[in-house]
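Notes for the structure review
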Amino acid sequence: MTELERRYAGWLRLYPKAYRRARGAEMLAVLMDSSPPDRSRPQWREVRGLILGALRVRAGAHGRRTVGHSWRVSLRTAALMLLIVAGGDVLWQMTRHSVGASLVVVAACVLAMVAVFRGAYLAATVLTAGAFVLDAVARQGIYEFSSSWPLPLAVVLLIPLVGRGAVTAPRSLHLMLLVPLVSVTLQGYGTIAQEPAFQTAGRTVWQTLAVAAIIWSIVDERVTISLGLAFLYVVVSSAASDLVAMGAWSTGSWALIDLAVLATLPVLNIAVGATVAVFRARI
Amino acid sequence: MREPTYFILAALQDEPLHGYAIMTRAGELSRGRVRLATGTLYAALDRLTGEGYVVSTHEEIVNGRARRYYRLTPDGAAALRSEAEAMAAAARVVTDRTAFSPAPRPAAGLA
């Protein structure tokens, strides 16, 4: 084995073992055939192609998919993320409300997630809507009511899935569920420990990942759309809080500017992801 | 259809080819416009195989290197032809422009 062959074989190790078993030998042959005989270092354009190809295979994003399928997977993932946010938020604030009602809301969120995983979107929508109503009643106050926006937003995202077949998402997309989990944990701990830094850290997690997701759209645009859709709840919650705190944005345009800045990232995520989805749908 | 995909299918019109030959032929047919990297070629072959446009036929070992051959399926050939016809129709909008042009107006003052 030549030095070049060994180096290309190293880059091919980025692909999963099963893929390498099926394609590795012929890919290595093509890489060697297309290299000048005196070359000892891999060409950058080949390395770039191998990195991107391997990432797509590992992310389960290497096949062709329709625009509709990309959107359905994104809606499903975003709804799951919002159910985690809502359930987590209720858990952290349980001591401030009726414990019984809070437990029922959390149970409804968990059941709704199970329904989503099983492709029972109608049941998931009903459970989420029920959790929202119960949560709103238990919280008994419009200001706090504004922090339970993940649930109605999850209902809005689930409705387009109702009546369609179950969509399956690659395992890598399920890793996205860690985002709300980390975010809610940080925010919840911040609320209980009276540590504002942790509360803002939760939002920073979302924002940082939303920026990273724009770059990740070259690998899997569904991640980008999902994060953008789920992150919308922060925008809606802020709008509702501002509305209540200031009375129909009476202090004027600053609140609107803040809101516009906050909305930029999720809107950008959705726009970039949607554009890439159209491109990826072409054979 | 993406341009690299079009030229990969076009490369397979006449006979089954292995990966490197597809790459070379696609480059020739596109007059150098399509320069496929290996990762890109196999991502495209994955998509085309998934769609049933291309199938692998046989494998052989040449100079100790594995070669798998791919051929166009009837569905692939139909998709390629349909794309070519759409592009030809789009090209005719420009190349046959004189057929649609209004008759030249007489210059002012000559009537």
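Residues numbered from 1 in each chain as written. Chains lettered and ligands numbered in written order. Predicted model: local features only at pLDDT ≥ 70, side-chain atom pairs only at ≥ 80, totals over all residues.

**Comments concerning the overall build of chain B**
Within chain B one finds five helices and three strands. What you see in chain B, going N to C, is helices and strands ordered as α-β-α-α-β-β-α-α. Out of the 111 residues in chain B, the part that is buried amounts to 32%. Looking at chain B alone, contacts between residues at least 24 apart form 43% of all its contacts between residues at least 6 apart. (Helix = DSSP H or I, 4+ residues; strand = E, 2+ residues; numbered from the N terminus. Buried ≥ 20, exposed ≤ 12 C-beta atoms within 10 Å, placed from the backbone. Contact = placed C-beta atoms within 7 Å.)

**Regarding the overall build of chain A**
Tallying secondary structure elements over chain A gives 13 helices and zero strands in all. Reading the secondary structure of chain A in the N-to-C direction produces α-α-α-α-α-α-α-α-α-α-α-α-α. Structurally, chain A occupies a C-alpha span of about 75 × 40 × 35 Å along its principal axes. When burial is assessed residue by residue, chain A has 39% of its 283 residues classed as buried.

**Quick word on the confidence of the model for chain A**
Overall, the predicted model of chain A reaches an average pLDDT of 88, with 92% of residues at or above 70. Mean pLDDT across the elements of chain A bottoms out in helix α7 (residues 142-145) of chain A (50) and peaks in helix α3 (residues 44-58) of chain A (96). (pLDDT = per-residue confidence, 0-100.)

**A look at the nonpolar core**
Counting residues in each nonpolar core, the largest one holds 58 residues, and the members touching the most others are A:A79, A:L82, A:L83, A:A112 and A:A154. Among the secondary structure elements, those contributing two or more residues to this core are α4 (67-92), α5 (99-117), α6 (121-139), α8 (150-158), α10 (178-192), α11 (196-216), α12 (221-246) and α13 (253-280) of chain A. Sort the elements by how many residues they give to this core and α4(A) lands first, with 13 residues. Setting aside its immediate chain neighbours within four residues, A:L83 contacts A:C109, A:A112, A:M113, A:T128 and A:A154. Of all hydrophobic cores here, the second largest spans 38 residues; its members include B:A43, B:L45, B:L72 and B:A79. (Core = buried A, V, L, I, M, F, W, Y, C linked by C-beta atoms within 7 Å.)

**Thoughts on the sheet that holds strand β1 (residues 17-18) of chain B**
Residues and elements named next belong to chain B. As summarised here, the arrangement of the three strands in space is β1-β3-β2, forming an open sheet in which the pairing is antiparallel. Each edge of the open sheet carries a strand with a single partner, namely β1 and β2 (54-62). Two elements, β2 and strand β3 (residues 65-72), share seven bridges in a ladder whose sense is antiparallel. Its bridge partner being in β3, V62 is matched across the sheet by R65. (Pairing = 2+ DSSP bridges.)

**Topic: the environment of A:Q187**
Residues and elements named next belong to chain A. Here Q187 is to be found in helix α10. Between the C-alpha atom of Q187 and that of G202, which follows or precedes it by 15 residues, the distance is 5.2 Å. Contacts of Q187, omitting those with residues within four sequence positions, involve F198, Q199 and G202.

**Remarks on the interface of chain A and chain B**
Counting from both sides, the interface comprises 23 residues of chain A and, opposite them, 20 residues of chain B. If you list the elements that add at least two residues to the side of chain A that touches chain B, you get α2 (17-33) and α3 of chain A. Counting residues per element, the side of chain A that touches chain B draws most heavily on α2(A), at nine residues. Partitioning the side of chain A that touches chain B into residue classes produces nine nonpolar, five polar and nine charged. (Nonpolar A, V, L, I, M, F, W, Y, C, P; charged D, E, K, R; others polar.)

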